[in-house]
Structure formats: C-alpha cells, structure tokens
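Structural features, examined
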Amino acid sequence: MPDPGNYRKSLWEPVGFPNGPTSWDELLKGSAEIKKSKGVQLGLGMSQEIDSNMVLRALMWSYGASEQDENEKVVLNSPETVAAVEYMTKLYKDSMTPEVFSWNAASNNQGLVAGKLSYIVNSISAWRTAQGQNPTVADDVFFVPALKGPKTALAAQHVLYNWIVPNHAKGVDAAKEFLLHYTANFASATYNSKLYDFSAWDKLTPSRNAWLASDPFGSKPADKLKFLQDALPWSTNIGHPGPASTAIGEVFNTFVIPNMFARAARGEASPQQAVADAEKQVKAVFDKWRAAGLVGG
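Residues numbered from 1 in each chain as written. Predicted model: local features only at pLDDT ≥ 70, side-chain atom pairs only at ≥ 80, totals over all residues. Heavy atoms only, no water.

Topic: the overall build of the protein chain
Along the backbone of the protein chain there are 13 helices and six strands. Against the 2.2 N^0.38 benchmark of 19 Å for 297 residues, the protein chain shows a C-alpha radius of gyration of 20 Å, consistent with a compact globule. Structurally, the protein chain occupies a C-alpha span of about 60 × 50 × 30 Å along its principal axes. With 297 residues in all, the protein chain has 50% of them scored as buried. If you take every contact in the protein chain between residues at least 6 apart in sequence, the share linking residues at least 24 apart comes to 69%. Here the protein chain displays about 13,700 Å² of accessible surface, and carbon together with sulfur accounts for 53% of that area. On the protein chain, the mean spot of the 28 positive side-chain charges and the mean spot of the 29 negative ones are 3 Å from each other. (Helix = DSSP H or I, 4+ residues; strand = E, 2+ residues; numbered from the N terminus. Rg over C-alpha atoms; globule rule 2.2 N^0.38 Å. Buried < 20%, exposed > 50% of the residue type's maximum accessible area, 1.4 Å probe, protein only. Contact = heavy atoms within 4.5 Å. Areas by Shrake-Rupley, 256 points an atom, 1.4 Å probe, with all protein chains shown as cover. Lys, Arg positive; Asp, Glu negative; His and termini not counted. Charge placed at Lys NZ, Arg CZ, Asp CG, Glu CD.)

Take a look at the structure:
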C-alpha cells in the first residue's frame, strides 16, 4: 500500500500550491501560511502509533538519514538525522499543535475527514472514509507522491502483509492451499479493498492501472488515483536502505524514532541530544538481535 500525501486543494491553492506541495520545503512554507491565515493545522504525528513511524522515516530518508545502512550497521546519529529533526521542530512550531504528540493511528484520518487538517501522509483509506462521511471534503482531497528532500523522495509502504504457517500448525496443507488461492485471485482483493491493497506482483492484478485511471468507486475527478500507477519508485521498506529485520521491527514497535522527534520538538532535548540518545537505544536493540544471529553487519 503506497503512502502518499493527502492535501486539501481549497487550502493549498490560495497559498500558491494548487497541486499541493512537492517538497518538504514547500510543505513548511504552505502549511505555515495555511495555519496562520485559516487556522487549520498540518497533520503529521509525533506519537507512538504507526503513521508517525512511517512519515518520520520518510522525512529522514529524504535528508539521506536512516536507522541503519545497507549492511545493517546502525548509523542513526548523523548530521542528516539532526537536520531532519531540526526541520520537524520548525514544522511543528509553525504548522501544528501539541495534539500531534498524543495521536493514535486513527487521529490523522479523523482530522482529515472532519476538515480540520490541511495535509496528512496516509494511504487512501482516510479519503475513502471521507467519500462516505463527508463528500465535500473527499472531493477537496487530492494526493502527491513522496515529498522531495535534500537527498531524495521516498515514503514507507503503508502496510505490508506477511502470512506465516508455523511448523506446529495442524492444517498446513489447507493453509498452503488458501495462500495459493488468495494470491492467484488477488485482483479481487485489490478491487474489494477499493484499491487499498496492491499485489507485489503486478501481473496478478492486470486491471489495476485501468482502475486507478478511472476509479470504480466514484472519485472526483475519476483519475484522482492515476499517480499511484507509478508508486513503486518512491516507496520503500521499513529499514531502508537495509533490510527489514527483528531489530528494525523492535525499533519500530518501541517508537524510538517518533520519541526522538517529539523530544526535540517539545524542547526536552536539543536535536543533537535527541538523536544521540535514540542511537544508543537502537544500538542496544541491534546488539541483542545480532547476538542471536538474526541481524547481519
């Protein structure tokens, strides 16, 4: 599932961005003006929930920062990470309110649907909800791909399903049969998820691009989702530029990255100190799993 930017066109057009922001610098400029002139805040969380985890990693990658390198060596404490934290601290002060520190996974969705946020980073699910609950807002919501930073433009895959059949399972053959059937018929999953679920293999959903070019579920305009045809180049895995792993999973699930950004944004620590403290936590996690033989480097 791609993780694009969702923006309110009626708010961004008056501040000079009718097609939404294309870079983190434009996001800062436009969102600050919207909050100043309209009183509508930006919707990027810094709390212990999945969307904060996703968007803050996207910001880090755009600056050339990451938790690990391609060889699974911890590299969080870098000038690039500090620069990303400094940016987010300014973005918070200019464009947001303290509520972003206590959000849950539904908060940015609910805020967008209610018309209280100018921009969020999320899958298309919030907009789909608005189609049913607040069509006026839904028609005003448009999308942009990953924002450009000083180094690149990347976003995390919003969700990646993993199916596991444990050795102790009693219905292994039935489970395998189900997984083969599920995969072979993934076009049905894509359609019935209202284009939320994409297959890892494009050939299994031959109609996907046609659906994105002309949404079967009533988007206005009908081609609002066409840009997702090219989502793969700007989407990547948690753990980029290295692999996902048990260590990356624990860092993700203990919210080290959102806590790092939140400490600096709230003024509890300097960006440099927040990053240094976070790296100590990440190294401890990696050391544990490397000792168990489950992390390389």
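Regarding the pattern of salt bridges
This model, assessed by the stated rule, comprises 11 salt bridges. Residues K151 and E80 are paired through a salt bridge, measuring 3.9 Å at the closest nitrogen-oxygen approach. On the criterion of sequence distance, the pair formed by K151 in the loop between β4 (141-144) and β5 (155-156) and E80 in helix α4 (residues 79-95) is long-range, its members being 71 residues apart. With relative accessibility at 26%, the residue E80 sits in the partly exposed group. The residue D287 makes a salt bridge to R290 at a minimum N-O spacing of 3.9 Å. With D287 and R290 both in helix α13 (residues 271-291) and three residues apart, the pair spans about one turn of that helix. Taking relative accessible area as the criterion, D287 reaches 48% and is therefore assigned partly exposed. (Salt bridge = Lys/Arg side-chain N within 4 Å of Asp/Glu carboxyl O.)

Overview of the sheet that holds strand β3 (residues 117-121)
Read across the open sheet, the four strands follow the order β2-β3-β1-β4; overall the sheet is mixed. Looking at strand neighbours, the two that pair on one side only are β2 (41-43) and β4, the edges of this open sheet. The sheet shows a mean angle of 20 degrees between the axes of neighbouring strands, taken without regard to direction. With two bridges connecting them, β2 and β3 associate as parallel partners. Along β3, the bridge assignment pairs Q41 with L117. (Pairing = 2+ DSSP bridges. Axes fitted to C-alpha atoms, helices over the stretch in contact; angles between N-to-C directions.)

Here we look at the pairing of β3
Along β3, five of the five residues are buried, which leaves the element largely enclosed by surrounding structure. With three bridges joining them, strand β1 (residues 5-8) and β3 adopt antiparallel strand pairing. Pairing of N6 across the sheet is with I120, part of β3.

Brief notes about unusual backbone geometry
As a rule of thumb, non-glycine residues mostly have phi less than zero, and peptide bonds are mostly trans rather than cis. Going from K220 to P221, the amide bond is cis rather than trans, its omega being 0 degrees. Tracing the sequence through the fold places P221 in the loop between α10 (208-213) and β6 (235-236). Positioned with a positive phi, K194 is a non-glycine residue whose angle comes to about 60 degrees. For K194, the location among the structural elements is in the loop between α9 (186-192) and α10. Judged by its relative accessible area of 42%, K194 falls in the partly exposed class.

Regarding a nonpolar patch on the surface
Together, Y161, W163 and F178 give the surface a local cluster of nonpolar side chains, amounting to about 340 Å² of exposed area. Turning to its location among the elements, W163 is positioned in the loop between β5 and α8 (172-184). For W163, a relative accessible area of 48% corresponds to the partly exposed category. (Patch = residues over 30% accessible without salt bridge, like charges linked within 9 Å, V, L, I, M, F, W, Y side chains within 5 Å.)

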